[in-house]
Amino acid sequence: MKKNATENIPVEELLKGKKIPILVLDQRWHKLFPGGKKPADIQVLEKELNELLKEQGKRVNTIKGLKTGKKKLMDAIVSGMNEENSDKKKNKQQKLLMETKERIETESERLMDLPYEIKNANERLLVTGIRYCYDEWKNRNEELSDLSGEIDIMREQLKEKVAYKVELEESLDSTYSLMHALLGREVMNLFDKNKI
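Presented here is an overview of the structure given in this document. (Residues numbered from 1 in each chain as written. Predicted model: local features only at pLDDT ≥ 70, side-chain atom pairs only at ≥ 80, totals over all residues. Heavy atoms only, no water.)

**Concerning the overall build of the protein chain**
Scanning the protein chain from N- to C-terminus turns up 5 helices and 0 strands. Listing the helices and strands of the protein chain from first to last along the sequence gives α-α-α-α-α. Relative to the 2.2 N^0.38 estimate, which gives 16 Å for 196 residues, the radius of gyration of the protein chain is 40 Å and therefore markedly larger than a compact globule would have. Along the first, second and third principal axes, the C-alpha set of the protein chain runs to 135 × 50 × 25 Å. Taken across its 196 residues, the protein chain has 19% of its residues classed as buried. Within the protein chain, counting contacts between residues at least 6 apart in sequence, those at least 24 apart form 72% of the total. (Helix = DSSP H or I, 4+ residues; strand = E, 2+ residues; numbered from the N terminus. Rg over C-alpha atoms; globule rule 2.2 N^0.38 Å. Buried < 20%, exposed > 50% of the residue type's maximum accessible area, 1.4 Å probe, protein only. Contact = heavy atoms within 4.5 Å.)

So this is what it looks like as structure tokens:
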């Protein structure tokens, strides 16, 4: 028998370059676990992925807020250029502007790393989940096969019992008819009424 070319390749390698939906956001993923019952290792991986997604959302919002603050700060600096403000105030504004730029840069760098971490966490979750689901599928398939065999045996036993029942009914009818013909109706009526 010829082996499939992908048979010995690890699942992780097969996933490289594949576009996989974010599992915790996909209803098909959750339907793989009837009743929402998931093994502990899958729950841990889902929690990790959810935390990364939350962090990504928070950082996006933080950067938006920082950019809005930076724009207001720059507008204030520009409008204050013509005014005679103290150098201390200008220095404070410029220092705050630099700190805001640095924070935006730091947040942006982390935000750039998050998609890779999310992708890796998602792939780990997929591999773990698919292995679990496939094992469960194989177990249920074996159980189905066993159950089908038991049902086939029971069907055969039922056929035999039905045939025996029909045979008994025919035998009883035949015996009664012969006794009726041999003894007559009056005697059989006495037997039927338990008078003899």
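Next comes the rest of the account.
**Looking at the packing of aromatic side chains**
Summed over the entire model, instances satisfying the criterion amount to 3 aromatic pairs. Plain terms: the ring middles of F33 and Y132 are 6.0 Å apart, the flat faces sit at 20 degrees to each other, and that makes the pair stacked. With F33 in the loop between α2 (27-31) and α3 (40-81) and Y132 in helix α4 (residues 87-183), this pair connects stretches of sequence that are 99 residues apart. A relative accessible area of 2% means that F33 is categorised as buried. Owing to a relative accessible area of 30%, Y132 belongs among the partly exposed residues under this scheme. Between Y134 and W137, the aromatic rings sit 5.5 Å apart at their centres with planes inclined by 25 degrees, giving stacked as the arrangement. Taken as a pair, Y134 and W137 lie in helix α4 at a separation of 3 residues, close to a single helical turn. A relative accessible area of 46% means that Y134 is categorised as partly exposed. Residue class for W137 comes out partly exposed when judged on its relative accessible area of 45%. One aromatic cluster is present, built from ring pairs that chain together W29, F33 and Y132. (Phe/Tyr/Trp six-rings, centres within 6.5 Å; stacked < 30°, edge-to-face > 60°.)

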